[in-house]
Amino acid sequence: MAIEIEHKFLLANDDWRQYVHSSLIYRQGYLSSEPTTSIRVRISAEHAWLNIKSAIIGTHRHEYEYEIPLADAHEIITNLCRKPIIEKTRHLVLDDGNLWEIDEFAGANHGLIVAEIELSEIGKAFRKPAWLGAEVTEDLRYYNNNLVAHPYSEWHDKV
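Here we summarise the structure given alongside this text.

On to the environment of Ala115, then. Turning to its location among the elements, Ala115 is positioned in strand β8 (residues 113-118). On the basis of relative accessible area, Ala115 is assigned to the buried category, the value being 0%. Sequence-wise, Ala115 and Glu101 are 14 residues apart; in three dimensions their C-alpha atoms are separated by 5.6 Å. Not counting chain neighbours up to four residues away, the residues in contact with Ala115 comprise His7, Lys8, Phe9, Leu11, Trp100, Glu101, Ile102 and Leu132.

As C-alpha coordinates, this is what we get:
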(Lines give C-alpha, C1' and ligand atoms only; values in the text may rest on other atoms or scores of the structure.)
Protein backbone atom coordinates (compact mmCIF):
# COMPACT_ATOMS: atom_id res chain seq x y z
CA MET A 1 0.00 0.00 0.00
CA ALA A 2 1.36 3.45 -0.96
CA ILE A 3 1.05 6.15 1.70
CA GLU A 4 1.80 9.82 1.09
CA ILE A 5 2.82 11.77 4.20
CA GLU A 6 2.77 15.46 3.40
CA HIS A 7 2.61 18.88 5.07
CA LYS A 8 1.44 21.94 3.12
CA PHE A 9 2.40 25.57 3.89
CA LEU A 10 2.00 29.09 2.60
CA LEU A 11 5.14 31.16 2.06
CA ALA A 12 6.21 34.01 4.33
CA ASN A 13 8.36 35.69 1.67
CA ASP A 14 10.22 35.05 -1.61
CA ASP A 15 13.59 34.16 -0.02
CA TRP A 16 13.08 30.52 -1.09
CA ARG A 17 13.61 31.51 -4.73
CA GLN A 18 17.38 31.84 -4.26
CA TYR A 19 17.55 28.15 -3.29
CA VAL A 20 15.62 26.66 -6.25
CA HIS A 21 17.76 23.98 -7.91
CA SER A 22 15.24 22.95 -10.61
CA SER A 23 11.70 23.61 -11.79
CA LEU A 24 9.08 21.56 -13.64
CA ILE A 25 5.92 22.74 -15.38
CA TYR A 26 2.81 20.66 -14.70
CA ARG A 27 -0.65 20.53 -16.26
CA GLN A 28 -3.11 18.34 -14.45
CA GLY A 29 -6.77 17.61 -14.76
CA TYR A 30 -9.23 15.81 -12.53
CA LEU A 31 -11.43 13.02 -13.84
CA SER A 32 -13.05 12.51 -10.47
CA SER A 33 -12.94 14.25 -7.15
CA GLU A 34 -15.17 12.76 -4.50
CA PRO A 35 -15.15 13.08 -0.72
CA THR A 36 -13.12 9.86 -0.49
CA THR A 37 -10.92 9.84 -3.63
CA SER A 38 -9.53 11.86 -6.51
CA ILE A 39 -8.35 10.63 -9.90
CA ARG A 40 -6.15 12.93 -11.96
CA VAL A 41 -3.95 12.99 -15.03
CA ARG A 42 -0.70 14.96 -14.88
CA ILE A 43 1.65 16.00 -17.67
CA SER A 44 5.20 17.31 -17.26
CA ALA A 45 7.49 17.72 -20.27
CA GLU A 46 7.36 14.40 -22.15
CA HIS A 47 5.85 12.29 -19.35
CA ALA A 48 2.34 11.70 -18.05
CA TRP A 49 0.83 9.90 -15.08
CA LEU A 50 -2.50 8.68 -13.80
CA ASN A 51 -2.81 9.32 -10.08
CA ILE A 52 -5.36 7.88 -7.66
CA LYS A 53 -5.38 9.42 -4.19
CA SER A 54 -7.56 9.16 -1.13
CA ALA A 55 -8.98 12.58 -0.36
CA ILE A 56 -8.48 12.31 3.38
CA ILE A 57 -7.53 15.71 4.71
CA GLY A 58 -4.47 15.70 6.90
CA THR A 59 -0.83 14.71 6.74
CA HIS A 60 -1.17 11.22 5.24
CA ARG A 61 -3.29 9.39 2.67
CA HIS A 62 -3.17 6.53 0.16
CA GLU A 63 -1.65 7.40 -3.22
CA TYR A 64 -1.02 5.35 -6.37
CA GLU A 65 0.63 6.69 -9.52
CA TYR A 66 1.20 5.06 -12.93
CA GLU A 67 2.92 6.40 -16.03
CA ILE A 68 0.63 6.54 -19.08
CA PRO A 69 1.21 7.43 -22.76
CA LEU A 70 1.64 11.17 -23.27
CA ALA A 71 -0.82 11.32 -26.20
CA ASP A 72 -3.49 9.63 -24.06
CA ALA A 73 -2.88 12.12 -21.26
CA HIS A 74 -3.36 15.10 -23.61
CA GLU A 75 -6.64 13.64 -24.90
CA ILE A 76 -7.89 12.87 -21.39
CA ILE A 77 -7.10 16.36 -20.12
CA THR A 78 -8.68 17.99 -23.17
CA ASN A 79 -11.80 15.84 -23.42
CA LEU A 80 -12.56 14.29 -20.05
CA CYS A 81 -11.20 16.41 -17.20
CA ARG A 82 -13.10 19.06 -15.28
CA LYS A 83 -12.10 22.64 -15.99
CA PRO A 84 -10.15 24.71 -15.19
CA ILE A 85 -7.03 22.62 -15.64
CA ILE A 86 -4.46 23.04 -12.88
CA GLU A 87 -1.35 24.76 -14.26
CA LYS A 88 1.69 25.22 -12.06
CA THR A 89 5.44 25.39 -11.91
CA ARG A 90 6.94 23.15 -9.25
CA HIS A 91 10.19 24.53 -7.86
CA LEU A 92 12.44 22.09 -5.99
CA VAL A 93 14.33 23.45 -2.98
CA LEU A 94 16.69 21.52 -0.71
CA ASP A 95 16.84 22.76 2.88
CA ASP A 96 18.49 20.99 5.82
CA GLY A 97 18.40 17.68 3.95
CA ASN A 98 14.70 18.01 3.12
CA LEU A 99 13.23 18.41 -0.35
CA TRP A 100 10.57 21.12 -0.54
CA GLU A 101 8.22 21.25 -3.52
CA ILE A 102 7.00 24.80 -4.03
CA ASP A 103 4.04 25.05 -6.40
CA GLU A 104 3.54 28.41 -8.10
CA PHE A 105 0.14 28.31 -9.77
CA ALA A 106 -0.87 29.90 -13.08
CA GLY A 107 -4.16 30.27 -14.95
CA ALA A 108 -7.27 30.43 -12.74
CA ASN A 109 -5.09 29.92 -9.65
CA HIS A 110 -2.48 32.57 -10.50
CA GLY A 111 -1.04 34.21 -7.39
CA LEU A 112 -1.20 31.12 -5.19
CA ILE A 113 2.12 29.66 -4.02
CA VAL A 114 2.20 26.64 -1.71
CA ALA A 115 5.15 24.70 -0.26
CA GLU A 116 4.93 20.97 0.47
CA ILE A 117 7.22 18.52 2.18
CA GLU A 118 6.80 14.75 1.93
CA LEU A 119 8.05 12.74 4.88
CA SER A 120 9.07 9.11 5.20
CA GLU A 121 7.02 8.51 8.34
CA ILE A 122 4.08 10.05 10.19
CA GLY A 123 5.19 12.52 12.85
CA LYS A 124 8.78 12.78 11.59
CA ALA A 125 10.32 16.07 12.75
CA PHE A 126 11.63 18.56 10.19
CA ARG A 127 13.15 22.04 10.35
CA LYS A 128 10.93 24.81 9.01
CA PRO A 129 12.88 27.29 6.87
CA ALA A 130 12.54 31.01 7.68
CA TRP A 131 10.72 31.58 4.36
CA LEU A 132 7.92 29.22 5.37
CA GLY A 133 4.55 30.67 6.40
CA ALA A 134 1.41 29.22 7.99
CA GLU A 135 0.63 25.51 7.70
CA VAL A 136 -2.49 24.83 5.60
CA THR A 137 -2.42 21.01 5.57
CA GLU A 138 -5.89 20.87 7.13
CA ASP A 139 -7.41 23.59 4.89
CA LEU A 140 -9.39 22.00 2.03
CA ARG A 141 -9.11 25.09 -0.16
CA TYR A 142 -5.41 24.48 -0.84
CA TYR A 143 -5.81 20.97 -2.26
CA ASN A 144 -5.43 20.85 -6.04
CA ASN A 145 -8.69 18.95 -6.55
CA ASN A 146 -10.54 21.77 -4.74
CA LEU A 147 -8.74 24.46 -6.75
CA VAL A 148 -10.60 23.16 -9.81
CA ALA A 149 -14.02 23.77 -8.25
CA HIS A 150 -12.96 26.93 -6.37
CA PRO A 151 -10.01 28.59 -8.15
CA TYR A 152 -7.83 30.97 -6.16
CA SER A 153 -8.82 33.83 -8.49
CA GLU A 154 -12.37 33.58 -7.08
CA TRP A 155 -11.42 33.60 -3.39
CA HIS A 156 -12.58 36.67 -1.47
CA ASP A 157 -10.44 35.99 1.60
CA LYS A 158 -7.00 35.45 0.05
CA VAL A 159 -4.20 35.16 2.55
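Before going further, it helps to spend a moment on a nonpolar patch on the surface. Residues Ile52, Tyr64 and Tyr66 make up a contiguous nonpolar surface patch of roughly 260 Å² in combined accessible area. As for its position among the elements, Tyr66 is in strand β5 (residues 60-68). Given the relative accessible area of 44%, Tyr66 is considered partly exposed.

Okay, the side chain of Lys88 next. Tracing the backbone through its elements, the reader meets Lys88 in strand β6 (residues 86-95). A polar contact is formed between the side chain of Lys88 and the side chain of Asp103, at a distance of 3.0 Å. Sequence-distant contacts of Lys88, that is, excluding residues within four places in its chain, are made with Leu24, Ile25, Tyr26, Gln28, Arg42, Asp103, Glu104, Phe105, Ala106 and Asn144.

What follows concerns the pairing of strand β4 (residues 47-54). One ladder, built from eight bridges, connects strand β3 (residues 37-44) with β4; its direction is antiparallel. Bridge pairing in β4 links Arg42 to Trp49. Once β3 ends, the chain turns through two residues before running back antiparallel as β4, passing Ala45 with a positive phi of about 55 degrees. Looking at chain direction, β4 and β5 are connected through six bridges and run antiparallel. Of the residues in β5, the one forming a bridge with Ala48 is Ile68.

Attention shifts here to the pattern of salt bridges. Any two side chains of opposite charge can pair, given that their charged atoms come close. Under the counting rule described, the total for this entry stands at twelve salt bridges. The closest approach of N and O atoms between Arg90 and Glu101, which form a salt bridge, is 3.5 Å. Of this pair, Arg90 sits in strand β6 while Glu101 sits in strand β7 (residues 98-105), and the two are eleven residues apart along the sequence. Its relative accessible area of 7% is what places Arg90 among the buried residues. Where Glu116 meets Arg90, a salt bridge forms, and the shortest distance between an N and an O atom there is 4.0 Å. Pair noted here: Glu116 is in strand β8 and Arg90 is in strand β6, with a separation of 26 residues, a long-range link. Arg90 carries the same exposure label as Glu116, and that label is buried. When salt bridges with common partners are traced through the structure, they connect Lys8, Lys88, Arg90, Glu101, Asp103 and Glu116 into a single cluster.

Conventions and cut-offs
- Residues numbered from 1 in each chain as written.
- Predicted model: local features only at pLDDT ≥ 70, side-chain atom pairs only at ≥ 80, totals over all residues.
- Heavy atoms only, no water.
- Helix = DSSP H or I, 4+ residues; strand = E, 2+ residues; numbered from the N terminus.
- Buried < 20%, exposed > 50% of the residue type's maximum accessible area, 1.4 Å probe, protein only.
- Contact = heavy atoms within 4.5 Å.
- Patch = residues over 30% accessible without salt bridge, like charges linked within 9 Å, V, L, I, M, F, W, Y side chains within 5 Å.
- Areas by Shrake-Rupley, 256 points an atom, 1.4 Å probe, with all protein chains shown as cover.
- Salt bridge = Lys/Arg side-chain N within 4 Å of Asp/Glu carboxyl O.
- Polar contact = N/O pair within 3.5 Å; in protein donor to acceptor, adjacent residues only side chain to side chain.
- Pairing = 2+ DSSP bridges.

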